[in-house]
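In case you want the letters, here they are:
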Amino acid sequence: MLLLQLFINGLASGAIYALTAVGFALIYNGTRIFHIAHGAVFTFGGYALYLLALPLGLPWIVALPAAVIATAAFGALMDTLVYRPLRKRGTGPAGMFIASIGALTFAQATYSLVFGTDTINLRKGGLPTFDIGEVTLTAVHVIAAMVALIVFPVLQLFLTRTRWGRAIRALADNPRLAVVRGIDAERLYIVIFALGSALAGLGVVIIAFDLGVRPEMGFSVMFVALVAVIVGGVGYLPGAAAGGFLLGITQSLSLWQLSGRWQDVVVFGALLAFLVFRPQGIFGHMLVTRRV
Amino acid sequence: MNHTARTAVKLLAISAAALFAGIGAAGAQEPIRLGLAMPLSGQNGEYIKRYVLAGHEFAIKEQNEKGGILGRPIKLFIEDSRNDGASAVSALNKLINVDKVVAVFSIFTPVVLPMLPIAEEKKVIVLAPSVEHPDLTKSRWAVRMTPTATTNGLLIAQQARKMGLKTAATFAEDNEAIRVSVKAFVAEFEKLGGKMIGDETFKNQDTDMRGQLTKLRAARPDALYFLAPSGRPVALALKQISEVGFKPKQIFTTHLVEDREVMALGASMAEGVIYTAVATTPEFNQKFKAAYGYDSDVNAGKHFDSTNVLLQAIQKVGSEKDMTKVRDAIYNFGEYKGTIGTFRFVGSGESLVSPILKTVKDGKYVRYQP
């Protein structure tokens, strides 16, 4: 029963990692930007939820989706204010990465100044729980699972069956040809950032509802999400999702035999192992055609 | 002497008088410079600013309103040490070399212990009243005003066995001082015939501890001894203990269960928890609350007391120029009646004070009665 409980715990944390990883991978594939500031967008979503639910007093049923939309908008704004001016100047990937680090640092410092360094709790008391035999499910387990089950198939349908989705995939495959074929790249970048940030928003509202909001919360999740993208295979979205779930489950299952202090070692170990033995990730073979 | 020479001499005399008067005035106003290097950011930052820093500032403010020490005001220079040794050493160097402080207040074992070699070299007293690691007072330039981690662990183990609890597990932050408490608890518990069946840790920045708590739940210990350095992880652990359905017969922890973070998440989560504490006086709490608008806690009291012990020692010696004498004055202070009880310094930086046991009953913090 302990193994099963740890597996279920891992699925829930894996769902959060997967959402963040897929959002990051979507942005990276579509724009070639190593958007480390995705962590700051993640944190923004938490504070957006706090402002909507507490000072503004909106009911949760309104505040939660509104926070996701606000996160999407913030991500799009970040592209407009940070990356677009740099693209116009012909800045390369290294410059974009440095700008992204700057944006992340600036955002975190701003959150600390505006909201303080303390964790802001969004609610009192523990989460509702459900017992199935000897296994206990919290509301986080259930919500994270439901979100993952709905969002990933919907995202896949969007990318494969809609005009916007096909345009995003075309841009990811061959940006120059996509532009020549009439795709408005700048407009599409905004959509990509908004979509990728919305996925981060979905992850952060679950965490914020459970554990509260603090300025550096996006950084730790972002790091694991990056490892998930590498483990799953850079350039392949289902790989990023699979990597997220795999890391969450592995981290949790490691507790079966190891102490909690080894959890970071598990993540670093996975990163090192894949970089050394399989740098293309689990689904590296899918990168032959550079699928989004 | 001609007219010009007389004028020159007069001007020289006036300048010399003004210069010496200025030096005299400056000397009279030169503050007594004290430093504070603590983690003012991160997970523990808000707690430290609210209680620990406030305790020092309150003591200094009170003393300055009475005219300072030796007719001079006291000035506190503040640096953020973050929660790591390298930043703490950096902060200490700045306080000593730039701000010229003669003593430094600090907190948390991983922050304080790395400072000690520099403090010893520069003859700067480090007052870390709340640090429980026994190694602190191996330094001849450190002062503690709290029961040690060993004392707390021993008391809890003895209580657990008195209550007939046969098995126990520990769940603690991975931190040097806390490991000492855990070690003392485990040794005493096993010595008294108990059996340890679980031992889990979490890191300072962890917020989701459900994995570790799930593992401890599976072990089904009678007692859980939980240790953290601030209120936030205590609050999170109590919440998640309830969420994973972990129900040991008794949960033990430290006075941090009185922290407002626990109250913010719901006092019912802490109902029945037994914890070690040092009692605070109502008089101190009253005046602290009047000044700050919220209740004090044990750490506010300890840090307030440590400031006053230092200031009284400087007063006794007559100067802060020779800090060796000030240090010796603290070490041989004898009895000090503080806000959290009576301390006894008997020749070292270790002040002898015993913890008590308290519990949360009907949402109130009361002395534990079996």
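On a predicted model such as this, the values are computed, not experimentally measured, just so you know.

All names here are of chain A. Orientation of helix H10 (residues 237-253) relative to helix H11 (residues 263-277), taken along the N-to-C sense of each, is 140 degrees, at an axis distance of 9 Å. It follows that H10 is oblique to H11 by the angle criterion. Handedness of the crossing formed by H10 with H11: right-handed. Packed against H10, whose contacting residues are Leu247, Thr250 and Gln251, the element H11 presents Gln263, Val266, Val267 and Ala270 at the interface.

Attention now goes to the interface of chain A and chain B. Taken together, the contact between chain A and chain B spans 25 residues of the former and 28 residues of the latter. Sorting elements by how many residues they give to the side of chain A that touches chain B places helix H1 (residues 2-31) of chain A first, with 5 residues. Residues that form the side of chain A that touches chain B fall into these classes: 5 nonpolar, 16 polar and 4 charged.

Before going further, it helps to spend a moment on helix H13 (residues 323-331) of chain B. Residue and element names in this part refer to chain B. For H13, the set of buried residues is Met323, Val326, Arg327 and Ile330. For H13, the buried positions fall inside an angular range of 100 degrees around the axis, keeping them on one side. In this structure, the buried side of H13 is in contact with strand E4 (125-127), strand E5 (142-143), helix H12 (298-317) and strand E12 (341-345).

Residues and elements named next belong to chain B. With 113 residues, the main nonpolar core has Val104, Val124 and Val126 as its most contacted residues. It is helix H2 (residues 45-65) that contributes the most residues to this core, 9 residues altogether. There are two domains that each give this core at least three residues, and those are domain 1 (32-147 + 281-352) and domain 2 (149-277). Ignoring anything within four residues of it in the chain, the contact list for Val124 reads Ile96, Val101, Val102, Ala103, Val104, Ala119, Trp141 and Met323.

For the rest of this paragraph, the subject is unusual backbone geometry. The general pattern is negative phi for most residues beyond glycine and trans for most peptide bonds. Residues and elements named next belong to chain B. Residue Lys123 is not a glycine yet carries a positive backbone phi of 55 degrees. Among the secondary structure elements, Lys123 is positioned in the loop between helix H5 (116-122) and E4. If you check the backbone angles, Asp362 has positive phi at about 50 degrees while not being a glycine. By the secondary structure assignment, Asp362 is in the loop between strand E14 (356-361) and strand E15 (364-367). Exposure remark for Asp362: the 8 C-beta atoms within 10 Å place this residue in the exposed category.

Each regular strand carries side chains that alternate between the two faces of the sheet. Residue and element names in this part refer to chain A. Inspection of the sheet shows strand E1 (residues 129-132) paired to strand E2 (residues 135-138) by 4 bridges, in the antiparallel sense. The residue bridging Thr129 from the neighbouring strand is Thr138, located in E2. Counted between consecutive antiparallel strands, the loop separating E1 from E2 contains 2 residues, among which Gly133 sits at a positive phi close to 65 degrees.

Now for the sheet that holds E14(B). Residues and elements named next belong to chain B. Reading across from one edge, E7-E6-E8-E9-E10-E14-E15 is the order of the 7 strands in this open sheet, with mixed pairing throughout. The sheet is open, and its two borders are formed by strand E7 (195-202) and E15, each paired with just one other strand. Sheet twist, expressed as the mean angle between neighbouring strand axes with direction ignored, is 25 degrees. Bridge analysis of strand E6 (residues 167-173) against E7 gives 7 bridges, and the strand direction is parallel. When the bridges of E7 are listed, Ala169 appears paired with Gly198. The strands touched by helix H7 (residues 176-191) within the sheet are E6, E7 and strand E8 (223-227), with E6 carrying the most contacts at an inclination of about 175 degrees. Relative to the sheet, helix H8 (residues 210-219) contacts E6, E7 and E8, its axis offset from that of E7 by approximately 175 degrees.

A word on the sheet that holds strand E2 (residues 74-80) of chain B. Residues and elements named next belong to chain B. If you walk across this open sheet you meet the 5 strands as E2-E1-E3-E4-E5, and the pairing is parallel. In the strand order of this sheet, the two ends are held by E2 and E5, each with one partner. In this sheet, E2 lies alongside strand E1 (residues 32-38) in parallel orientation, the contact comprising 7 bridges. Residue pairing in the sheet places Met38 in a bridge with Asp80 of E2. Strand contacts of H12: E1, E2, strand E3 (103-106), E4 and E5, with the helix running at about 170 degrees to E3, the strand carrying the most contacts.

Per-residue pLDDT for chain A averages 89, and the proportion of residues at 70 or more is 97%. Segment residues 288-292 of chain A is flagged for pLDDT under 50; beyond a separation of four residues in sequence, or across chains, it makes 11 contacts in the model.

Rules of the game
Residues numbered from 1 in each chain as written. Chains lettered and ligands numbered in written order. Predicted model: local features only at pLDDT ≥ 70, side-chain atom pairs only at ≥ 80, totals over all residues. Axes fitted to C-alpha atoms, helices over the stretch in contact; angles between N-to-C directions. Helix = DSSP H or I, 4+ residues; strand = E, 2+ residues; numbered from the N terminus. Parallel < 35°, antiparallel > 145°, perpendicular 65-115°, else oblique. Left-handed = near helix turned anticlockwise from the far one by under 90°. Contact = placed C-beta atoms within 7 Å. Nonpolar A, V, L, I, M, F, W, Y, C, P; charged D, E, K, R; others polar. Buried ≥ 20, exposed ≤ 12 C-beta atoms within 10 Å, placed from the backbone. Arc of directions from axis to C-beta. Core = buried A, V, L, I, M, F, W, Y, C linked by C-beta atoms within 7 Å. Domains from an automatic or database assignment. Pairing = 2+ DSSP bridges. pLDDT = per-residue confidence, 0-100.

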